[in-house]
Amino acid sequence: MQEGAVLELRGISKFFPGVKALQNVDFTLRAGEVHALMGENGAGKSTLIKCLTGVYPKDEGEIYMAGHDKAVNIRSPQDAQNIGISTVYQEITLCPNLTVAENMYIGRTKGSVTHWKQMNRGAEKILSELGIPAAPGQQLSSCSIAVQQMVAIARAVDMDCKVLILDEPTSSLDESEVAKLFNLMRDLKARGVGIIFVTHFLDQVYEISDRITVLRDGQLVGEYVIEDMPRVQLVSKMLGKELGDISGIKEQSDASVDMGSVPVLEAEQLASTAGIKPFDFSIHKGEVNGFTGLLGSGRSECVRAIFGADRTVGGTIKMNGKPVKIRKPLDAMKNGIGYLPEDRKLDGIVGDLSVRDNIILALQVMKGFFKPFSRAQAEAFADEYIKLLEIKTASSDTPINSLSGGNQQKCIVARWLLTNPVYLILDEPTRGIDVGTKTEIQKLVLQLAGEGKSVTFISSETDEMLNTCSRLVVMRDRKVVGELKGADLNQDMIMATIAGGEAQ
Amino acid sequence: MSTETKTPVRKESRSVGEMLKGLVRQQMFIPVAALLALVLFNLIADPSFFAIKLGTNSAGDPVLTGYLITILDNASELVILAIGMTLVTAASGGQDISVGATIAIAGSVMLRVLCGANASSTMQAPIWVAFLICCVVSMLFGAFNGVLVAYLKIQPMVATLILFTAGRSIAAWINNNQLPIISDPVFSYAGTFIPGCPVPTPIFIAIACVAVIFLVLKFTNLGLYTQAVGINAQSSRLNGINPEKIKFLAYVILGLCVAVAGYIKVSRFSTINYSVVAKDIEMDAILAVALGGNALGGGKFNMAASILGAYVIQFLTTTLFKFNVNSSALPAYKAVVVIILVVMSAPAVKAKLGSLRKKNGSAKPAKEAA
């Protein structure tokens, strides 16, 4: 093993039927460093982590840990935990119906007796140390996603790990929570813990990481020290190609929006059971706009109300000037509205169904119960969009849950494009997706607008919104607090509006 | 669904080991293998098991006899129930344990309509009217289960426990606890033979039901919706499907299946025994679904595999009867076989079998090289 290394992976390979997920990948983690693991969707990041933590058996290669003479044999996540490798996964893997404290100690109590008091006291201490707003006795599902994530991290931290793996830990955290997490990571670094940090956020990589390892198509591209690696170069290493210039396209599409015309969709005093304050909203033909605000500010709830995903309790919706009744998603779909939900796993994909069935689902439902598409027709639709969006899948028959996150997301995008909507709502379409696909989706949004469709684009990354949207609705505490357009549309102004002081 | 089981066309160059592995992965593998094993066992033990003879019954009509005919005949109710149970399982992620009891209700309703209030042995109404009323009543009871499960979100097993417990009492109450007997031979046609046709009628009814469900699955989106709802109800809803309606529909369809099975049951004996009729059939129906490799937690389903599963269960029962297993000991013997089958079809065991084959496959070339 190298000097100072806590963990070394040598020549790791992993094969799935028809796919070489990892080929001969090396990876070295030193004590007290934050090491970013980067790559596109399907590059093999998650697979590498899963091989390391014993979720998947690796097909080839060796794993060395500091303090072990020989290669360690990790056959289960329990093994990994025992030798000091802790993981916080992208998707929360805790038990929602247990308490916070139970979740932190589950699988780690010694013997058959649980000391509840001790457990709760221990949990309380860690939670307060890390500044996590949760009580030990609280049921986990009653915490926000962000807090659940932090509990998962607290659990890992509490296990005295030598190697901490954070797989997309920040994708559901807002900025202040990210800052808290980073403080915690720096603290752990100082204690000599090696941290593997998987993320798609370049800013965060440059803020916290010491080194970067880049994977592409299951192969190692290289390991770099952060100071020697300009961003542009990193992105091109990940993609293996140059990024297109996106701002150029935006200028063109902006000009074609006629703000004086009758809006495609106009909502007045809309309110839903999800608890948002009545809001007004409109969008014109060919326009791209967005909702912005901190996590939990109600941006998703707004679009869910428009789509009929949450029951509306007041207000009206007009499409092209005519009032329409949207009581349930199908009403919205029949009026030409498409909605890509925020939570891909829970609301988006239908897990065990094939890529094909997932793509045709919405159009099929619109066509009707008694009019199924022929197999050939469905196949043609699926193949068309697999090609168009470059979805990486073995075939259209593959179950969607065996695809990587980004490719799953593309399937959901394909599902709605297939319905040929006049108004498409994309709620966090780029979450947990690599830079390349992010850019592709942004380009696609602008292209759709160019074709005369209206798009609402929601993202946690303000950059993306600025790239694509010509108008932003700003939200705070479940209330619309401002609307920004033209010269006001910049990072500073958004921050100011979110923070307070009405934007008028 | 049936279309999912088709083996994709693959290259000829695949090794035998890989082909076997692919075969094991197929959902139809377990029921087909079980059927072959039973056939093989009977072939070795007593080939006369497969003999089919043309004889005459007490009325002097030609009828086919033999164990195979018995299997096909007696499996009919189970096959029909397996159809509905598959849909209920897939959509609601749980099972309806009240089907045996509701068969008693369905049968009782038929007899009540046919025999009238004084339980006369001559028919007081046309059979089709009685059957129609029986269908409506069964579907209403199915709807009752459906409302509990789909709209009140009660766990299927708990919800259907109500009728499981109360069903047979309701059945007895419908006929004032009398046991009406129908003497008209026409009534017995559905459960026995139509004069002149040597094949038992239930076989045709089962085939008809199977044909209907496959046509429905082909010409509607029942399969897609049911699976989508079973896998992820929340995302189905956001795609315009009404998950509650689909779950409800599954229970109503099962209600219809119960009506048909109930008609066959009472027609077999031209009477009914409330506490014995279709006893424990719910467990066999659930077993048929499981044997077909369908997840009892809902989601994807394979209708053909469930139906084959139902026939396998009856094959097993008849084989045990043939070897003079005491009817009270039958469940124990059945359980042993079921354990083997279910363990074989468990994903963990399948994966293990797959990896064993892989090792054998990779060991071979090494030997050749040596």
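Every value quoted in this text rests on a predicted model; they were computed, and no experiment measured them. (Residues numbered from 1 in each chain as written. Chains lettered and ligands numbered in written order. Predicted model: local features only at pLDDT ≥ 70, side-chain atom pairs only at ≥ 80, totals over all residues.)

Focus: the overall build of chain B
Here is step 1 of the chain: On a plain count of helices and strands, chain B comes out with 15 helices and two strands.
Here is step 2 of the chain: In chain B, the share of contacts with a sequence separation of at least 24, taken over all contacts with a separation of at least 6, comes to 77%. (Helix = DSSP H or I, 4+ residues; strand = E, 2+ residues; numbered from the N terminus. Contact = placed C-beta atoms within 7 Å.)

A word on the overall build of chain A
Here is step 1 of the chain: Helices and strands together make up the secondary structure of chain A, namely 18 helices and 19 strands.
Here is step 2 of the chain: For chain A, whose C-alpha radius of gyration is 24 Å, the value lies close to the compact-globule estimate of 23 Å for 504 residues.
Here is step 3 of the chain: Projecting the C-alpha coordinates of chain A onto the three principal axes gives extents of approximately 75 × 50 × 50 Å.
Here is step 4 of the chain: Looking at chain A residue by residue over its 504 residues, the buried ones come to 49%.
Here is step 5 of the chain: Taking the intrachain contacts of chain A between residues at least 6 apart in sequence as the baseline, contacts between residues at least 24 apart amount to 69%. (Rg over C-alpha atoms; globule rule 2.2 N^0.38 Å. Buried ≥ 20, exposed ≤ 12 C-beta atoms within 10 Å, placed from the backbone.)

Regarding the sheet that holds strand E13 (residues 312-319) of chain A
Residue and element names in this part refer to chain A.
Here is step 1 of the chain: Pairing within the open sheet is antiparallel, and its four strands lie in the order E11-E10-E13-E14. Sheet topology places strand E11 (279-283) and strand E14 (322-324) at the edges, where each strand pairs with a single neighbour. The mean inter-strand angle of the sheet, taken between neighbouring strand axes irrespective of direction, is 20°.
Here is step 2 of the chain: Of the strands in this sheet, strand E10 (265-272), E11 and E13 are in contact with helix H10 (residues 299-307), which crosses E10 at around 110°. (Pairing = 2+ DSSP bridges. Axes fitted to C-alpha atoms, helices over the stretch in contact; angles between N-to-C directions.)

Examining the domain arrangement of chain A
Here is step 1 of the chain: Entries for chain A in the domain assignment read domain 1 (5-239) and domain 2 (243-336 + 456-504).
Here is step 2 of the chain: Centre-to-centre separation of domain 1 of chain A and domain 2 of chain A, based on C-alpha positions: 35 Å. (Domains from an automatic or database assignment.)

Let's talk about the domain arrangement of chain B
Frequently, the measure chosen for interface size is the accessible area that the parts lose on association.
All names here are of chain B.
Here is step 1 of the chain: Along its sequence, chain B is organised into domain 1 (71-324) and domain 2 (329-370).
Here is step 2 of the chain: Between domain 1 and domain 2, the C-alpha centre-to-centre distance is 34 Å.
Here is step 3 of the chain: Between domain 1 and domain 2, the contact holds seven residues from the first and eight residues from the second.
Here is step 4 of the chain: The set of elements that each furnish at least two residues to the side of domain 1 that touches domain 2 consists of helix H12 (281-291) and helix H13 (303-322).
Here is step 5 of the chain: For the side of domain 1 that touches domain 2, the per-class residue count stands at five nonpolar, two polar and no charged. (Nonpolar A, V, L, I, M, F, W, Y, C, P; charged D, E, K, R; others polar.)

Some thoughts on the interface of chain A and chain B
Here is step 1 of the chain: Between chain A and chain B, the contact holds 24 residues from the first and 19 residues from the second.
Here is step 2 of the chain: For the side of chain A that touches chain B, the secondary structure elements donating two or more residues are helix H11 (329-334), helix H12 (344-348) and helix H13 (355-367) of chain A.
Here is step 3 of the chain: Among the elements that line the side of chain A that touches chain B, the one with the most residues is H13(A), at six residues.

A look at the packing of helix H4 (residues 76-92) of chain B against helix H8 (residues 201-219) of chain B
Residues and elements named next belong to chain B.
Here is step 1 of the chain: Closest axis-to-axis distance for the H4/H8 pair is 9 Å, and the angle between their directions is 15°. In this view, H4 runs roughly parallel relative to H8, as classed from their interaxial angle. In this structure, H4 crosses over H8, and the sense of that crossing is left-handed. For the pair H4 and H8, contact is made by Ser76, Val79, Ile80 and Ile83 and by Pro202, Ile203, Ile205, Ala206, Cys209, Val210 and Ile213, respectively.
Here is step 2 of the chain: Across the contact of H4 with H8, the residue classes break down as ten nonpolar, one polar and no charged. (Parallel < 35°, antiparallel > 145°, perpendicular 65-115°, else oblique. Left-handed = near helix turned anticlockwise from the far one by under 90°.)

Points about helix H3 (residues 67-74) of chain B
Here is step 1 of the chain: All of the buried residues along H3(B) are Ile71(B), Leu72(B) and Asp73(B).
Here is step 2 of the chain: Summarising the contacts, the buried residues of H3(B) are in contact with H4, H8 and H13 of chain B.

Notes on the environment of Ile307(B)
Here is step 1 of the chain: Along the chain, Ile307(B) turns up in helix H13.
Here is step 2 of the chain: Those residues in contact with Ile307(B) that sit more than four places away from it in its chain are Val79(B), Ala82(B), Ile83(B) and Val210(B).

So, the nonpolar core
Considering soluble globular proteins, one finds that nonpolar side chains tend to be buried as a cluster.
Residue and element names in this part refer to chain B.
Here is step 1 of the chain: In terms of nonpolar packing, the biggest core is built from 174 residues, with Ala82, Met110, Cys134, Leu254, Cys257 and Val260 touching the most fellow members.
Here is step 2 of the chain: Tallying contributions element by element places helix H11 (residues 243-269) first for this core, with 17 residues.
Here is step 3 of the chain: Ignoring sequence-local partners within four residues, the contact set of Ala82 consists of Ala285, Ala288, Val289, Ser306, Ile307, Gly309 and Ala310. (Core = buried A, V, L, I, M, F, W, Y, C linked by C-beta atoms within 7 Å.)

Regarding the pairing of E10(A)
All names here are of chain A.
Here is step 1 of the chain: Judged from the four bridges that link them, E10 and E11 form a sheet pairing that is antiparallel. Along E11, the bridge assignment pairs Glu266 with Ser282.
Here is step 2 of the chain: Where E10 hands over to E11, the hairpin turn is made up of six residues, of which Gly275 adopts a positive phi near 95°.
Here is step 3 of the chain: Sheet topology places E10 next to E13; six bridges connect them, and they run antiparallel. Its bridge partner lying in E13, Ala267 is registered against Ile317.

Observations concerning helix H2 (residues 29-45) of chain B
All names here are of chain B.
Here is step 1 of the chain: With 17 residues, H2 should reach 24 Å at 1.5 Å per residue; the first-to-last C-alpha distance of 24 Å fits that figure.
Here is step 2 of the chain: All buried positions along H2 are accounted for by Ile30, Pro31, Ala34 and Asn42. Along the axis of H2, the buried positions cluster into a sector of 100°, meaning they face one direction only. Residues of H2 that are exposed and angled more than 90 degrees away from the buried face: Leu36, Leu40, Leu43 and Ile44. (Expected span 1.5 Å × (residues − 1). Arc of directions from axis to C-beta.)

Let's talk about unusual backbone geometry
Residue and element names in this part refer to chain A.
Here is step 1 of the chain: Here Glu390, not a glycine, exhibits a phi torsion of approximately 50°, which is positive.
Here is step 2 of the chain: Tracing the backbone through its elements, the reader meets Glu390 in the loop between helix H14 (375-388) and helix H15 (405-418).
Here is step 3 of the chain: If you check the backbone angles, Asn420 has positive phi at about 50° while not being a glycine.
Here is step 4 of the chain: If you trace the backbone, Asn420 turns up in the loop between H15 and strand E16 (423-427).
Here is step 5 of the chain: Residue class for Asn420 comes out exposed when judged on the 11 C-beta atoms lying within 10 Å of it.

Considerations on the sheet that holds strand E7 (residues 194-198) of chain A
Residues and elements named next belong to chain A.
Here is step 1 of the chain: The six strands are arranged E5-E6-E7-E3-E8-E9 in an open sheet whose pairing can be described as mixed. The sheet terminates laterally at strand E5 (85-88) and strand E9 (219-225), the two strands that pair on one side only. Pairs of neighbouring strands in the sheet enclose a mean axial angle of 20°, with direction left out of account.
Here is step 2 of the chain: Where strand E3 (residues 34-38) meets strand E8 (residues 211-216), four bridges bridge the pair, whose relative direction is parallel. When the sheet's bridge partners are listed, Ala36 is paired in E8 with Ile212.
Here is step 3 of the chain: Here helix H1 (residues 45-52) sits on the sheet in contact with E3, E5, strand E6 (163-167), E7 and E8, set at roughly 145° to E6.

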